[in-house]
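# Structure assessment
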Amino acid sequence: VCPCGLNLDDTTEMVQSLEEEDWWWKLKAVKFGHVALVDGNQMFNRPGPRLVDCLEWITWYLHSNSTERNLGSNPLEHEEKFPWKQYEASSKQEVKSRIEARKTSMVS
């Protein structure tokens, strides 16, 4: 997940809102823990030399195993650390709490 204009923190927050949608949980990538959050603003969404780094990173991500990813290894040793993190799903209770909090704030 690398939305245009969002840094890694904002992407994380945006994905939390996606968790409130039923279709999110039906995605195979979500079910099997194959979702990465990336600073799209800094990397994928701007033309230039960083797109080569993005290609190298996505190739590493697709060909690595979950243990390598969870260790936070850096596939681009020649560059600064690539701005990404593995998606960690919220619990169903956390999602329900966020929905209730939003409903309450809309009523107030």
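For the structure, see preceding data.
In short, a report on the structure.

The rules behind these values
Residues numbered from 1 in each chain as written. Predicted model: local features only at pLDDT ≥ 70, side-chain atom pairs only at ≥ 80, totals over all residues. Heavy atoms only, no water. Helix = DSSP H or I, 4+ residues; strand = E, 2+ residues; numbered from the N terminus. Buried < 20%, exposed > 50% of the residue type's maximum accessible area, 1.4 Å probe, protein only. Contact = heavy atoms within 4.5 Å. Areas by Shrake-Rupley, 256 points an atom, 1.4 Å probe, with all protein chains shown as cover. 1 Å grid on protein atoms, 1.4 Å probe; cavity = no way out; pocket = protein on both sides within 12 Å on 5 of 7 lines; lining within 4 Å. Points joined across faces, edges and corners; volume = space filled by probe spheres on them. Patch = residues over 30% accessible without salt bridge, like charges linked within 9 Å, V, L, I, M, F, W, Y side chains within 5 Å. Salt bridge = Lys/Arg side-chain N within 4 Å of Asp/Glu carboxyl O. Lys, Arg positive; Asp, Glu negative; His and termini not counted. Polar contact = N/O pair within 3.5 Å; in protein donor to acceptor, adjacent residues only side chain to side chain.

## Quick word on the overall build of the protein
A count of helical and extended segments in the protein gives 6 helices and 2 strands. Along the chain direction, N to C, the helices and strands of the protein fall in the order α-α-α-β-α-α-β-α. Across the 108 residues that make up the protein, the buried fraction comes to 31%. Across the protein, every contact between residues at least 6 apart in sequence was considered, and the portion connecting residues at least 24 apart equals 64%. Accessible area of the protein: about 7,300 Å², with a carbon and sulfur share of 56%.

## Here we look at the layout of surface pockets
What the largest pocket holds in volume is close to 160 Å³. Among the elements that line the lining of the largest pocket, the one with the most residues is helix H4 (residues 50-63), at 4 residues.

## Some words on a nonpolar patch on the surface
Together, Leu55, Ile58 and Leu62 make up an exposed nonpolar region whose accessible area comes to about 300 Å². Here Leu62 shows up in helix H4. A relative accessible area of 62% places Leu62 in the exposed class.

## Describing the pattern of salt bridges
Throughout the structure, instances matching the rule amount to 3 salt bridges. The salt bridge involving Arg98 is made with Glu19; its shortest N-O contact spans 2.7 Å. Here Glu19 lies in the loop between helix H1 (8-18) and helix H2 (22-26) and Arg98 lies in helix H6 (residues 92-107), a separation of 79 residues in the sequence. A residue is classified by how much of its surface remains accessible, and Glu19, at 2% relative accessible area, is buried. Between Glu20 and Arg98 there is a salt bridge; the shortest N-O distance is 3.8 Å. Note that Glu20 is positioned in the loop between H1 and H2 and Arg98 in helix H6, a separation of 78 residues in sequence. The class for Arg98 is partly exposed, based on a relative accessible area of 23%. Look at the salt bridges and you will find they share partners, linking Glu19, Glu20, Arg98 and Arg102 into a network.

## Quick look at the side chain of Asp39
Looking at where Asp39 falls in the secondary structure, it is placed in the loop between strand S1 (36-38) and H4. The charged side chain of Asp39 is buried without a salt bridge, its nearest counter-charge being Arg46 at 7.2 Å. A polar side-chain atom of Asp39 sits 3.2 Å from the main-chain amide nitrogen of Asn41. Excluding residues within four positions of it along the chain, Asp39 makes contact with Leu6, Asn7, Leu8, Phe44 and Pro83.

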